[in-house]
Amino acid sequence: MTDVRPRIRLPRSASAGDSITVKTLINHDMETGQRRNSAGETIPREIIHRFTCEFNGVMVIDVAMEPAISANPYMEFEAVVPESGEFVFTWYDDNGEVYTATEAFEVS
Amino acid sequence: MQHLKPARSLALASACVAALWSGAALADPDLTADLVIDGELHIVTRAPSDDIITPNLPERYSGWLFRSEDTRAMEMDDFENPAMIAVEAGADLWTTVDGTAGQSCQDCHGDAEESMRGVRAMMPHVNEDGVLWSMENYVNNCRTERMGAEAWRWSGDEMTSMTSFLSLQSRGMPVAVQIDGPAAPYWEQGREMYYTRYGQLELSCANCHEDSTGQMIRADHLSQGQISGFPTYRLKNAGIVSIHNRFRGCIRDTRAETFAEGSDEFRALELYVASRGMGLGIEGVSVRP
Amino acid sequence: MLTRRDTFAIGLGASAVALLPATAFADAVEDWITAYTGGAAMEEGGVTITAPEIAENGNTVPVSVSAEGATEIVLVATGNPTPGLGKFTFGPGSGAPMIATRIRLGRTQDVVAIAKMADGTFKTTRVEVKVTIGGCGG
């Protein structure tokens, strides 16, 4: 696969204190460790095993992911935005890599 | 009924069982569904047939109509459509300098939204030398002849990302391939292939996609085999599938030796199959199971 | 993915094949759930799973789950090689105890959701998702 690129979608606007729908997608094979290659050897597991979302340092959701989460993992959830600030999204890869994305959000 | 060869009777038995097994609970294709992307862009999924190209089809249907509600919904939202990952990768490749000439696609072609608009809708197309080329050929020709870069593999990540990005620039435009003039012999060759039975199962494209549209094949609905949605994000592959890759899969499933991606045969077949979808909207990057 | 030979097996002996894996997987699923709840009793209901009755492809099945008052939800697949799908812990910034994601289901099976409530009790519900054998090359 090419570069890992997180995608985030937030609503265009919200009022302070609203709950908003957050959608995230990241490209990743989520190799299960169950498959075999053409030579019959097991392809080692390599998944994103954890995903977190924080808003202004407050934890929104913390997900422990298993190999049965589909490739290119998609997560949709609700977050409260008491004030304007910044979302931080973090994905933890089995290979030790950590992918982060930040997104500013303004409340009205 | 004629005596069936063992392989075929087995395949039929398996298909029948699968149909009985879960067919009752599967929704029939919803031919009234509207394909609207992000609530804004309407895409034509039903187009009138004609007596020249598709005399045996009552109407032309996008494969999108044959899919389940969940799969259809995934294509209706650009965020939920996983093919957009490939489109974004293709957009990056568009501006990436590669090769000995030190140039990117953008350096010659500028903004793809303008310069590439409509290109996908007229593919495949006969080039200046009279040879029928798929979009992949045009891309690789630029790379090797103008950029001094290496050709990409037909169904490699870079190529499918680029064709996804290019297709998106024609999204919603009707399929409008040229089938007359210099294209005529290629189109005839493609039509010949479409009605030729291949493989141990002795199946032609038409057997499934013309004679049996809407019927079950195992637990799935047979579509008309339109390619207006390609490149497509196939849930099974969790990745982008090219037109020729899908052709390979179909011919392999007839238990035949398949043609190679990019071969003369597949380019001719691509032209003929594309023409069968004349008037259908290019879906840019579709989602299929 | 199923091979053509598997398809024949299902076609020719659907009932026999269906019975075997169910018992083989049951223990692993039960162990997994017990490990999570500590063996505590679970109240049926109070959790909503939205999933297709029939998934067109088991490789990418959209599923969402919500449970009013939950601090954490786990999703379990009863017929996969490994039972766990994910554990979703809702922090103070969460707007609602809900999650939507896409999962892999190896065959027709029940998906179980267990919600851990703020008082430490558990609620659970399950839905069956039928996974079809695709048409060509599926």
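The notes below deal with the structure included here. Within each chain, residue numbers correspond to sequence positions counted from 1 in written order. Written order determines the labels here, with chains lettered from A and ligands numbered from 1. Local features in a predicted model are, by the rule used here, given only for residues with pLDDT of at least 70; side-chain atom pairs are given and counted only at 80 or more, and totals for whole chains, interfaces and linings are based on all residues. Hydrogen atoms and water are omitted, and side-chain values are computed over all heavy atoms in the structure.

## As for the overall build of chain B
Numbered from the N terminus, helices here are DSSP runs of H or I no shorter than four residues, and strands are runs of E no shorter than two. When helices and strands are tallied, chain B shows 11 helices and 11 strands. Computation of the radius of gyration draws on C-alpha atoms alone. For the globule rule, the value is 2.2 Å times the number of residues to the power 0.38. Against the compact-globule benchmark of 19 Å for 289 residues, chain B has a radius of gyration of 19 Å, which places it among compact chains. Each principal axis of the C-alpha distribution contributes one length, and for chain B these read about 65 × 40 × 35 Å. A 1.4 Å probe rolled over the protein chains alone gives each residue an accessible area, and that area as a share of the maximum for its type sets the label: buried under 20%, exposed over 50%, partly exposed in between. In chain B, which comprises 289 residues, the proportion classed as buried is 53%. What makes two residues a contact is simply this: any of their non-hydrogen atoms within 4.5 Å. In chain B, the proportion of contacts linking residues at least 24 apart, taken out of those at least 6 apart, comes to 68%. Taken as a whole, chain B presents about 12,600 Å² of accessible surface, with 50% of it coming from carbon and sulfur. Exposure was quantified through the Shrake-Rupley algorithm and a 1.4 Å probe, taking into account, for residues, occlusion by the shown protein chains and nothing else.

## A look at the sheet that holds strand E10 (residues 239-241) of chain B
All names here are of chain B. Between any two strands, pairing holds if DSSP finds at least two bridges. Here 3 strands make up an open sheet; going across it, the order is E10-E9-E11 and the pairing mixed. Looking at the sheet topology across the chains shown, the edges are occupied by E10 and strand E11 (286-288). Averaged over all neighbouring strand pairs, the angle between strand axes comes to 40°, with direction disregarded. Two strands pair when backbone bridges link them, and strand E9 (residues 232-234) and E10 are joined in this way by 3 bridges, in the antiparallel orientation. Across the sheet, Arg234 pairs through a bridge with Gly239, a residue of E10. Every axis corresponds to a line fitted to the C-alpha atoms, with the helix fit spanning only the stretch in contact, and the corresponding angles, defined between N-to-C directions, vary from 0 to 180 degrees.

## A look at the nonpolar core
General note: in soluble globular proteins, nonpolar side chains tend to be found buried as a group. If you look at the biggest cluster of nonpolar residues, it comprises 52 residues, and the most contacted ones within it are Phe51, Ile61, Phe77, Phe87 and Phe89 of chain A. When sequence neighbours within four positions are dropped, the list of residues in contact with Phe89 of chain A reads Ile8, Val22, Thr24, Phe51, Thr52, Cys53, Phe77, Tyr99, Thr100, Ala101 and Glu103 of chain A. Residues belong to a common nonpolar core when they are buried Ala, Val, Leu, Ile, Met, Phe, Trp, Tyr or Cys residues joined through side-chain atoms within 4.5 Å.

## Concerning the interface of chain A and chain B
Reports often express the size of an interface as the amount of accessible area lost when the parts come together. Contact with chain A, which involves 15 residues of that partner, is made by 15 residues of chain B. Taken together, the two surfaces of chain A and chain B that pack against each other cover about 1,300 Å², and 55% of this comes from carbon and sulfur. Only one rule defines a salt bridge in this text: a Lys or Arg side-chain nitrogen within 4 Å of an Asp or Glu carboxyl oxygen. Between the two partners, chain A and chain B, sit 5 salt bridges. Residues Arg7 of chain A and Glu88 of chain B are paired through a salt bridge, measuring 2.9 Å at the closest nitrogen-oxygen approach. By the criterion applied in these results, polar contacts are pairs of N or O atoms within 3.5 Å in which, for protein atoms, one can donate a hydrogen and the other can accept it, and in which residues neighboring in sequence qualify only through two side-chain atoms. At the junction of chain A with chain B, the criterion picks out 7 residue pairs in polar contact (both at pLDDT 80 or more). The greatest single-element share of the side of chain A that touches chain B, amounting to 4 residues, is contributed by strand E2 (residues 18-26) of chain A. A simple way to read buried area is as the amount of 1.4 Å-probe accessible surface that goes missing from two parts once joined, with both sides added.

## Here we look at the sheet that holds E2 of chain A
Neighbouring strands of a sheet are bound in pairs by backbone hydrogen bonds; such pairs are parallel or else antiparallel. Across the sheet, which stays open at both edges, the 6 strands sit in the order E1(A)-E2(A)-E5(A)-E7(C)-E4(C)-E2(C) with antiparallel pairing between neighbours. Looking along the sheet, the strands with just one partner apiece sit at the ends: strand E1 (6-9) of chain A together with strand E2 (48-50) of chain C. Going across the sheet, the axis of each strand differs from the next one's by a mean of 20°, ignoring polarity. Pairing analysis gives 8 bridges linking E2 of chain A to strand E5 (residues 74-81) of chain A, with the strands arranged antiparallel. Looking at the pairing, Asp18 of chain A lines up with Val81 of chain A of E5 of chain A.

## Observations regarding the interface of chain C and chain A
Listed per partner, the contact involves 26 residues of chain C and 27 residues of chain A. For the pair chain C and chain A, the two sides together bury roughly 2,000 Å², of which 55% comes from carbon and sulfur. For chain C, the biggest contributors to the area lost against chain A are Gly93, Arg102 and Arg104 of chain C; these three give 29% of the whole. Summed over the shared surface of chain C and chain A, the result is 0 salt bridges. Taken together, the links from chain C to chain A amount to 17 residue pairs in polar contact (both at pLDDT 80 or more).

## A look at helix H6 (residues 135-147) of chain B
Residue and element names in this part refer to chain B. The first and last C-alpha atoms of H6 sit 17 Å apart over 13 residues, in line with the 18 Å expected at 1.5 Å per residue. Three or more residues of H6 are buried, namely Met135, Glu136, Asn137, Val139, Asn140, Cys142, Arg143 and Met147. In this structure, the buried residues of H6 make contact with helix H4 (105-109), strand E6 (132-133), helix H7 (157-168) and helix H11 (264-275). Remark: Gly148 follows H6 within two positions and exhibits a positive phi of approximately 70°. By this rule, a helix spans an expected 1.5 Å times one less than how many residues it contains.

## A closer look at the side chain of Thr101 of chain C
With respect to the helices and strands, Thr101 of chain C occurs in strand E7 (residues 94-103). From its side chain, Thr101 of chain C meets the backbone oxygen of Tyr74 of chain A in a polar contact 2.7 Å long. Apart from the residues within four sequence positions on either side, Thr101 of chain C is in contact with Ile69, Tyr74 and Met75 of chain A together with Val61, Pro62, Val63 and Phe88 of chain C.

## A look at the side chain of Arg276 of chain B
Residue and element names in this part refer to chain B. Looking at the element boundaries, Arg276 is found in the loop between H11 and E11. A relative accessible area of 2% places Arg276 in the buried class. Looking at Arg276, its side chain comes within polar contact range of the side chain of Tyr194, at 3.3 Å.

## What to know about the packing of helix H3 (residues 83-94) of chain B against H7 of chain B
Residues and elements named next belong to chain B. Between H3 and H7, the shortest axis-to-axis distance is 7 Å and the interhelical angle comes to 95°. Considered as vectors, H3 and H7 are oriented roughly perpendicular to each other. Contacts between H3 and H7 involve Met84, Ala86, Val87, Ala89, Gly90, Ala91, Leu93 and Trp94 on the former and, on the latter, Glu158, Ser161, Met162, Ser164, Phe165, Leu166 and Leu168. Grouping the amino acids of the contact of H3 with H7 by side-chain chemistry returns 11 nonpolar, 3 polar and 1 charged. Angular relationships are summarised with four words: roughly parallel below 35 degrees, roughly antiparallel beyond 145, roughly perpendicular across 65 to 115, and oblique for the angles in between. Each residue receives one of three labels: charged for Asp, Glu, Lys and Arg, nonpolar for Ala, Val, Leu, Ile, Met, Phe, Trp, Tyr, Cys and Pro, and polar for the others, Gly being one of them.

## What to know about the environment of Cys142 of chain B
Residue and element names in this part refer to chain B. With respect to the secondary-structure elements, Cys142 resides in helix H6. Cys142 sits 57 residues away from Gly199 along the chain, and the two C-alpha atoms are 36 Å apart. When neighbours within four sequence positions are excluded, Cys142 is seen to be in contact with His109 and Met147.

## Observations concerning the environment of Thr78 of chain C
Residue and element names in this part refer to chain C. Position of Thr78 among the secondary structure elements: in the loop between strand E5 (70-77) and strand E6 (84-90). Accessibility expressed as a relative area gives 16% for Thr78, which makes it buried. Within the structure, the side chain of Thr78 is placed 2.8 Å from the backbone oxygen of Asp110, a separation counted as a polar contact.

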